[in-house]
Amino acid sequence: MDDAKSLELIPYLKERGLRITPQRLMILQSILDHHGHPTAEEIHQTIPFTSLTTIYNNLKLFVRLGILNELPYGNALSKYEFNFSRHYHVICQECGTIVDFNYPDLQEIEQVASNLTSFEILHHHFEIYGVCASCQK
């Protein structure tokens, strides 16, 4: 693993009571190296000596613990990303490509919703669908 990323991820895992196993580190590193939103199958291609079942089990664990977000978009395969920052997604309806974007003003929605409804707002989800530049060609 990249030393800088290792220093960030290992305490993050330990804080959540997880054992630091080589498989877990390789799965997380694969997601970091992908620079996007990989599927379990794409992660498996980078570490084929780890079973697909192990990858799926760890991805589910990471999602449950809030380390990863599961993005069930596109071609019925979930994609994964780290849950380190609040951001939103533009999703291509043709190929399933997901692009992140940040728009801070949307975070005010939670406060407005809370004020209008008296709900305790836990989080929100916002996504935009379209056709990416590659699919437009």
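Keep in mind the model is a prediction, meaning the values are calculated, not measured.

A.B. asks: Tell me about the confidence of the model for the protein chain, residues and numbers included.
C.D. replies: Scored by pLDDT, the protein chain has a mean of 85; 92% of the residues are at 70 or more. Per-element averaging of pLDDT across the protein chain places helix 1 (residues 3-15) at the bottom with 70 and helix 3 (residues 40-46) at the top with 95.

A.B. asks: Would you mind going over unusual backbone geometry in detail, with residue names and values included?
C.D. replies: The phi dihedral of His35 falls on the positive side, at around 55°, and the residue is not glycine. Looking at where His35 falls in the secondary structure, it is placed in the loop between helix 2 (22-34) and helix 3. Exposure remark for His35: the relative accessible area of 73% places this residue in the exposed category.

A.B. asks: Describe in detail the packing of aromatic side chains, supporting the description with residues and values.
C.D. replies: The final tally for this structure, using the stated rule, is two aromatic pairs. Aromatic pair Tyr88 and Phe101: ring centres 5.9 Å apart, planes at 45°, arrangement tilted. Taken together, the residues span a long stretch of sequence, with Tyr88 in strand 3 (residues 88-92) and Phe101 in strand 4 (residues 98-101) at a distance of 13 residues. Given the relative accessible area of 25%, Phe101 is considered partly exposed. Residues Tyr88 and Phe126 carry aromatic rings whose centres are separated by 5.7 Å and whose planes lie at 85° to one another, so their mutual orientation is edge-to-face. Here Tyr88, found in strand 3, pairs with Phe126, found in the loop between helix 5 (108-117) and strand 5 (127-130); they are 38 residues apart in sequence, far enough to count as distant. On the accessibility criterion, Tyr88 (1% relative accessible area) is buried. Among the aromatic residues, those joined into a ring-pair cluster are Tyr88, Phe101 and Phe126.

A.B. asks: Run through the pairing of strand 2 (residues 79-82), naming residues and quoting values.
C.D. replies: Residues Lys79 and Glu81 of strand 2 are buried on one face, and the alternating residues Tyr80 and Phe82, pointing to the opposite face, are buried as well. Pairing analysis gives four bridges linking strand 1 (residues 68-71) to strand 2, with the strands arranged antiparallel. For Leu71, the partnering residue across the bridge sits in strand 2 and is Lys79.

A.B. asks: Please give an account of the pattern of salt bridges that cites residues and values.
C.D. replies: Applying the stated rule across the entire model yields one salt bridge. Among the salt bridges present, the one from Arg16 reaches Glu15, with a minimum N-O distance of 3.6 Å.

A.B. asks: Hey, could you go over the side chain of Lys79 for me, with residue numbers and the actual values?
C.D. replies: Here Lys79 shows up in strand 2. Of the side chains with opposite charge, Glu42 comes closest to the buried, unpaired Lys79, at an N-O distance of 6.1 Å. Polar side-chain contacts of Lys79 include one of 2.8 Å to the backbone oxygen of Gly96.

A.B. asks: Pulling in residues and values, what's your account of the sheet that holds strand 3?
C.D. replies: Strand pairing in a sheet relies on backbone hydrogen bonds. The paired strands run either parallel or antiparallel. Taken in spatial order, the three strands line up as 4-3-5 in an open sheet, and their pairing is mixed. Strand pairing shows two members of the sheet lacking a second neighbour, strand 4 and strand 5, which therefore form its edges. Direction aside, neighbouring strands of the sheet carry axes that sit 25° apart on average. Pairing of strand 3 with strand 5, which is carried by four bridges, proceeds in the parallel orientation. Each residue of the ladder has a partner; that of Ile91, found in strand 5, is Tyr129.

A.B. asks: Can you lay out the packing of helix 2 against helix 4 (residues 52-64) for me, pointing to particular residues and giving the numbers?
C.D. replies: Running from N to C, helix 2 and helix 4 cross one another at 75°; their axes reach a closest spacing of 10 Å. Here helix 2 is positioned roughly perpendicular relative to helix 4, judged by the angle of their axes. Residue-level inspection shows Gln23, Arg24, Ile27, Leu28 and Ile31 of helix 2 in contact with helix 4, the latter providing Thr54, Ile55, Asn58, Leu59, Leu61 and Phe62. Looking at the contact of helix 2 with helix 4 residue by residue, the classes come out as seven nonpolar, three polar and one charged.

Parameters at a glance
- Residues numbered from 1 in each chain as written.
- Predicted model: local features only at pLDDT ≥ 70, side-chain atom pairs only at ≥ 80, totals over all residues.
- Heavy atoms only, no water.
- pLDDT = per-residue confidence, 0-100.
- Helix = DSSP H or I, 4+ residues; strand = E, 2+ residues; numbered from the N terminus.
- Buried < 20%, exposed > 50% of the residue type's maximum accessible area, 1.4 Å probe, protein only.
- Phe/Tyr/Trp six-rings, centres within 6.5 Å; stacked < 30°, edge-to-face > 60°.
- Pairing = 2+ DSSP bridges.
- Salt bridge = Lys/Arg side-chain N within 4 Å of Asp/Glu carboxyl O.
- Lys, Arg positive; Asp, Glu negative; His and termini not counted.
- Polar contact = N/O pair within 3.5 Å; in protein donor to acceptor, adjacent residues only side chain to side chain.
- Axes fitted to C-alpha atoms, helices over the stretch in contact; angles between N-to-C directions.
- Parallel < 35°, antiparallel > 145°, perpendicular 65-115°, else oblique.
- Contact = heavy atoms within 4.5 Å.
- Nonpolar A, V, L, I, M, F, W, Y, C, P; charged D, E, K, R; others polar.

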